[in-house]
Amino acid sequence: QGINVDFAPVMDVNNNPANPIIGVRSFSDDPAVVSEYGEKFIEGLHNNGVLTALKHFPGHGDTDTDSHTGLPCIEKNYNELKELELIPFTSVANQTDFIMTAHIQYPNIENQTYVSKSTGENIYLPATLSKTILTDILRNDIGFEGIIVTDAMNMAAIAEHFDHIDSARLAINAGANMILMPVDLSSPEGLNELDEYI
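Described in the following lines is the structure provided in the data block. (Residues numbered from 1 in each chain as written. Predicted model: local features only at pLDDT ≥ 70, side-chain atom pairs only at ≥ 80, totals over all residues. Heavy atoms only, no water.)

**Description of helix α4 (residues 131-141)**
Turning to α4, its buried residues number three or more, namely I133, L134, T135, I137 and L138. Measuring from the side-chain oxygen of the N-cap residue of α4 to the backbone nitrogen of T132 gives 3.4 Å; that N-cap residue is S130. (Buried < 20%, exposed > 50% of the residue type's maximum accessible area, 1.4 Å probe, protein only. Helix = DSSP H or I, 4+ residues; strand = E, 2+ residues; numbered from the N terminus. Polar contact = N/O pair within 3.5 Å; in protein donor to acceptor, adjacent residues only side chain to side chain.)

So, in structure tokens, the structure goes:
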């Protein structure tokens with residue numbers, strides 16, 4: 001069909017039975033299996049001229065909230081992620097073209113906060129907007145040299161809590177190279193909004 005990028009494979013380890021969004025999108029609840037299947041998935045797409053994007057970094061498997069409808073929070077620290085969630089990403093980071101971010105708070109890794117526009121409460125910057133996670137961990141520690149793309153910025157985890165210009169600024173300053181679905185382009189108003197956004 002001429003499509004040259006697939007936002008796949010899902011490299012999340014499905015390690016929380018209460019997870020409402022990952023489930024069968026994940027290859028397994030075993031990080032070694034996720035790594036093996038993910039590597040073969042990448043190989044298959046590359047053999048057919050399609051670029052790949054691992055998602056959702058640093059791991060969406062241990063949430064009980066869907067980031068399309070809410071803002072998940074994972075209480076693990078960096079060392080705990082390295083023991084499970086980060087294994088698949090680290091194992092194939094040098095084989096993929098893109099890595100897609102997760103709209104998830106990690107308060108034991110990123111402690112910078114933002115006042116939610118909908119609740120007025122202080123919330124932690126999610127991975128998508130975290131320089132600690134995208135630059136310090138993904139770029140510097142893991143050594144990923146490809147394209148960092150955000151998950152869709154119109155998902156509730158971002159859109160309900162962050163001003164859309166602030167979220168773009170934070171994502172770019174965190175290290176994201178591409179902003180996915182920042183505005184709705186299905187109307188003339190959306191096109192005007194895109195000019196402002198740029």
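**Section: the packing of aromatic side chains**
Here the structure, examined in full by the defined rule, presents 5 aromatic pairs. An angle of 90° between the planes, with centres 5.3 Å apart, marks the rings of F57 and F89 as edge-to-face. Of this pair, F57 sits in strand β2 (residues 51-57) while F89 sits in helix α3 (residues 86-92); the two residues are 32 residues apart in sequence, bridging distant segments of the chain. Here the two residues F57 and F89 agree in accessibility, since each one is buried. (Phe/Tyr/Trp six-rings, centres within 6.5 Å; stacked < 30°, edge-to-face > 60°.)

**Looking at the pattern of salt bridges**
In this structure the tally under the stated criterion is 3 salt bridges. Salt-bridge contacts for E85 lead to K76; the nearest nitrogen and oxygen are separated by 2.7 Å. The two residues E85 and K76 agree in class, both being buried. R169 is paired through a salt bridge with D166; the nearest N and O atoms lie 3.4 Å apart. Within this pair, R169 and its partner D166 are both found in helix α6 (residues 164-174), separated by 3 residues, close to a single helical turn. (Salt bridge = Lys/Arg side-chain N within 4 Å of Asp/Glu carboxyl O.)

**Section: the sheet that holds strand β1 (residues 5-6)**
The 4 strands lie next to each other as β1-β2-β3-β6, forming an open sheet whose pairing is parallel. The two strands at the open ends of the sheet, each matched to only one other strand, are β1 and β6 (147-149). Across 3 bridges, β2 lies against strand β3 (residues 98-101) in parallel orientation. Its bridge partner being in β3, L54 is matched across the sheet by I99. Here helix α1 (residues 31-47) sits on the sheet in contact with β1 and β2, set at roughly 150° to β2. (Pairing = 2+ DSSP bridges. Contact = heavy atoms within 4.5 Å. Axes fitted to C-alpha atoms, helices over the stretch in contact; angles between N-to-C directions.)

**What to know about the nonpolar core**
Within the largest apolar cluster, 38 residues are counted, with the highest numbers of intra-cluster contacts made by F57, Y106, L129, I133 and F162. Among the secondary structure elements, those contributing two or more residues to this core are α1, β2, α3, α4, α5 (156-159) and α6. No other element matches the 4 residues that α4 contributes to this core. When neighbours within four sequence positions are excluded, I133 is seen to be in contact with F57, P58, Y106, I109, A127 and L138. Among the nonpolar cores identified, the runner-up in size contains 7 residues, and M100, V149, A152 and L180 belong to it. (Core = buried A, V, L, I, M, F, W, Y, C linked by side-chain atoms within 4.5 Å.)

**Digging into the side chain of D12**
Its location among the elements puts D12 in the loop between β1 and α1. Polar contacts involving the side chain of D12 include one to the side chain of H56, which spans 2.7 Å.

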